[in-house]
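Overview (structure and organization)
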Amino acid sequence: QVQLVESGGGLVQAGGSLRLSCAASGSIFSINVMGWYRQAPGKQRELVAATTSYGSTNYADSVKGRFTISRDNAKNTVYLEMNSLKPEDTGVYYCSTMVAGRRYWGQGTQVTVSS
C-alpha cells in the first residue's frame, strides 16, 4: 500500500508560479517512477511530468521549459515547480505512482490560473 498526499495548489494569475508537493508513505521502497497528472474540466487526465528514482525526467510538450519535476528521496516527496502559468494549465493535479502493478493516486490539488 502506498499513500500519496498532494499540497500547494491554489489560484494564481497568468504568468505566475506555484509549487506542488506530493508526500509518499507506505511501501515506498518499491517506488521508482513518480508522476504528476492533471485533469481539466471536461477533459481526460493527462501526464504532465514524471521522474524516476535515478533522476531521469520527462515532460508533456505543453509544459516543457515552464515546469520542473524533482524529488527528494530522503523525504519521500516529489515536487512540481510551475512557472509562467497559463489559463490552460488550470485543472486538478494528481500525484501518481505504480507499485507491484497497481497504480496509486493522491486526492488531487486544484490549480486555477486566471487570465
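The following paragraphs examine the structure supplied in this document. For clarity, every value in this text was computed on a predicted model and none was experimentally measured.

1. As for the environment of valine 2
- Here valine 2 is to be found in strand 1 (residues 2–7).
- On the accessibility criterion, valine 2 (6% relative accessible area) is buried.
- In this structure the C-alpha to C-alpha distance between valine 2 and serine 70, which are 68 residues apart in sequence, comes to 19 Å.
- Among all residues touching valine 2, those that are not within four sequence positions of it are Ser25, Ser27, Ile31, Thr97, Val99 and Tyr104.

2. Digging into the state of the cysteines
- Enumeration according to the criterion identifies one disulfide in this entry.
- Here cysteine 22 pairs with cysteine 95 through a disulfide, and the sulfurs are 2.1 Å apart. Across the S-S bond of cysteine 22 and cysteine 95 the torsion is about -80°, and the bridge reads as left-handed. Taken together, the residues span a long stretch of sequence, with cysteine 22 in strand 3 (residues 18–26) and cysteine 95 in strand 9 (residues 91–99) at a distance of 73 residues. Accessibility classification places cysteine 22 together with cysteine 95 in one group, the buried group.

3. Side note on the side chain of threonine 77
- Among the secondary structure elements, threonine 77 is positioned in strand 8 (residues 77–82).
- In this structure threonine 77 comes out as buried when scored by relative accessible area, which is 11%.
- Not counting the four nearest positions on each side in its chain, threonine 77 is found in contact with Ser21, Cys22, Ala23, Ser70, Arg71 and Asp72.

4. Quick look at the pairing of strand 3
- Bridge count for strand 1 against strand 3 is six bridges, and the pairing is antiparallel. Residue pairing for strand 3: glutamate 6 is matched across the bridge by cysteine 22.
- Bridge count between strand 3 and strand 8: six bridges; the pairing is antiparallel. Bridging across to strand 8, serine 21 finds its partner in tyrosine 79.

5. Focus: the nonpolar core
- One finds Leu4, Met34, Trp36, Phe67, Leu80, Met82 and Tyr93 to be the most contacted residues of the largest nonpolar core, which totals 26 residues.
- Broken down by element, this core gets its largest block of residues, four residues, from strand 3.
- Setting aside anything within four residues of it in sequence, one finds phenylalanine 67 in contact with Arg38, Val48, Tyr59, Leu80, Glu81, Met82, Asn83, Leu85, Asp89 and Tyr93.

Cut-offs applied
Residues numbered from 1 in each chain as written. Predicted model: local features only at pLDDT ≥ 70, side-chain atom pairs only at ≥ 80, totals over all residues. Heavy atoms only, no water. Helix = DSSP H or I, 4+ residues; strand = E, 2+ residues; numbered from the N terminus. Buried < 20%, exposed > 50% of the residue type's maximum accessible area, 1.4 Å probe, protein only. Contact = heavy atoms within 4.5 Å. Disulfide = S-S within 2.5 Å. Pairing = 2+ DSSP bridges. Core = buried A, V, L, I, M, F, W, Y, C linked by side-chain atoms within 4.5 Å.

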